[in-house]
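# Working through the structure, step by step
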Amino acid sequence: SSSTAEYFAKNLQQVGFSSPTKAVLTTLKEAVDNSLDACEDAGILPNLVVSVEKIGAGSGKNVDLVRVRVEDNGPGLDVEDLPMVFGEYLASSKFGRGRCSRGQQGIGISAATTWAQLTHGQGAVITSKTSRMRKAVSALIDVDIKSNKGAVKSKETVDWDRPHGLAVEFVFDGRVQLNGDGGLLTYIEGTTLVNPHLALRYKLLENDWVDVPRVSDQKPEVPEATLPHPHTMKLGEFITHAHLFGGVALQKFLTTAFSRITSQTITELVKNGLPKAFLARPVNKLKEDELKRVFQVLQNSELMNPSTKSVMTIGEESLSKSINRMGEIDFFSVVTRKPTICDFKPVAVEVALARLKNRSGQEDEPVQVLRFANRVPLQFDKAACAMTRAIETVNWRSYGLPQQKDSVPVGPYIFAISVVSPFIKFKNASKETVDASDELVEELRRALMQAGQKLSRHIKREFKEADLERKIQHIEQFGPV
C-alpha cells in the first residue's frame, strides 16, 4: 500500500501539475485561494501581495527556476498547524463540509509543496504571525511522502511589520505564461472580478508593480455548512455516511445527518415502507440489507428540497463595480439569479456580459469566456464545462450577437459566469470543469438569456444612434432627402 502523498506525488497531473506552465498557475491559484478563504473566515477584508519571478535556470530541460510568493493580511496560522496545512494531503478544516468555500479537500497547497520539493529539493517557506504572537515564525515545510505528514525542516522567529498574516513562497521548475486561457494575468483578472472586496498588489516577471484597489468594502458573508440531501447519494455513500454515526439511533441519524428531514418526514417514511422498529436501533447495528432498505425508502419518497440559504452571491451592485476593473467597457449587463435547487443541491448563478472598447480586429473572434466555481477561475477544459455548454445552446443572434450554430458567439465581449454551491460536481480532481447536468445547464441558460435581454437593449440603442449619425452626415453633405 502507498500513502496519499505517495499517490499524488506520482500523479500530480490529476491536481493541476501536468506541465511546467500549469505548475506555475496552479501554485499561484492554490496560494491565493487559501489566502482569500482564510481572510473571509476571519471576517477580514483581504489585502494580498503577489509576485512571480524567474530567478535562474531550472533543473529540468527548457524550464526556469520560478519563485511564487503570496502574502496576505489574514489571521495567520499557529506554528503547529503549518506542517499539517502545507505538508499533509487531505488535511483541511473544511474537508467534507458543505460550504461555499474555494478549498475543500486539502490537496492543492500540499501538491504545490510536493512539486517544489520534487523539482527544487525543498518545499514551502512560510512566514506566519497570529494576533497572539509577538514575533512571526518562518519555517521550511516539506512533505514526508512515505507517511503523508508535513515535516518542519527549519524554524526561526523573525520580525514582521504587521499584526497578523501569512506569506508563502515556493521555488520550483516552471514556465511562466502571462496571457491566454492558461495565463497568470487571466487568472488575476478573473479573481479580481468575482472578489470585489479584494485589494491586490502584484508583480509578474519584469513588469512594474500593479495595484488593484477594492471596489467594495462589504465583507462576504460565508454561510454555515449545509448537510447533504439523501437524493444526491448512492447506496455505498449512504452506508459509509451511516457508519460515521456509530451507535446513534436511526431516527436521530436521519434527522441530524441530512438536510430537511424532520419528524414529519419520518412519519411519511414509515407510511412508505420503513419498518418502525428500525427507528430506535443504532445505525451500527443495522445490517447492510437493512440499510439498503432504508435507502430505497428514502429514494422512493418525496423529500423537501434543501435550503438555499447555504449559497452566497456577489450581488449585481458589487459585480457591476467589479466588471469595470476588466478594462474600458462600452456597456455591460449583470444578472444575479435567486438561489435555486439543481440536482437536489442549492445553487446560485451570476452572469456578467460586457463589450470592451478598443478591441478592433476581434469582431470575428469568439467572445472571451470566464468561468468561475465558488469564485475560483476555471481556465482549462472549457469545451466540456456546463457553463460553455449553456452559452452554446442560447440563440445569441436574437440578442444582436453573431453566432455559428452550437458555438459561442463572436465579438469583442467578455462573458463571465459564476456558479456557487456547497456541492459543485467537478469532472476531475484538479477542479477545472463543472459537470453539465441538464438542470444546471437550464439554470445557466436562464441567467444568460436574462443578461442577453439587457445587453440587446444597449446594442439596439447603439444601432439607433449610429443610424441617426449616418442620416445627419448625409443631410450635411447632400441636403434633406
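To keep things clear, this report deals only with the structure shown in the data block. All values reported here derive from a predicted model rather than from experimental measurement. (Residues numbered from 1 in each chain as written. Predicted model: local features only at pLDDT ≥ 70, side-chain atom pairs only at ≥ 80, totals over all residues. Heavy atoms only, no water.)

Okay, the sheet that holds strand β3 (residues 124-129) next. One open sheet holds the 8 strands; their spatial order is β5-β4-β3-β6-β2-β1-β7-β8, and the pairing between them is mixed. The open sheet has two free edges, formed respectively by β5 (149-158) and β8 (210-212), since each of these has just one partner strand. Averaged over all adjacent pairs, the angle separating strand axes in this sheet is 15 degrees, with direction ignored. Here helix α4 (residues 108-120) sits on the sheet in contact with β2 (64-72), β3, β4 (136-144) and β6 (165-174), set at roughly 45 degrees to β6. Relative to strand β7 (residues 199-204), helix α5 (residues 184-194) is tilted by about 175 degrees, and along the sheet it contacts β1 (47-57), β7 and β8. (Pairing = 2+ DSSP bridges. Helix = DSSP H or I, 4+ residues; strand = E, 2+ residues; numbered from the N terminus. Axes fitted to C-alpha atoms, helices over the stretch in contact; angles between N-to-C directions. Contact = heavy atoms within 4.5 Å.)

Using the criterion set out here, one finds 24 salt bridges in the structure. Linking Arg69 and Glu71 is a salt bridge whose minimum nitrogen-to-oxygen distance equals 3.2 Å. Using a relative accessible area of 23% as the deciding quantity, one classes Arg69 as partly exposed. Under the relative-accessibility criterion, Glu71 is labelled buried at 14%. When the shortest N-O distance is used, the salt bridge between Arg355 and Asp330 registers 3.1 Å. With a gap of 25 residues between them, Arg355 in strand β11 (residues 345-356) and Asp330 in strand β9 (residues 329-336) connect regions that are remote in the sequence. (Salt bridge = Lys/Arg side-chain N within 4 Å of Asp/Glu carboxyl O. Buried < 20%, exposed > 50% of the residue type's maximum accessible area, 1.4 Å probe, protein only.)

Spatial relationships are all this shows, so hold off on functional conclusions.
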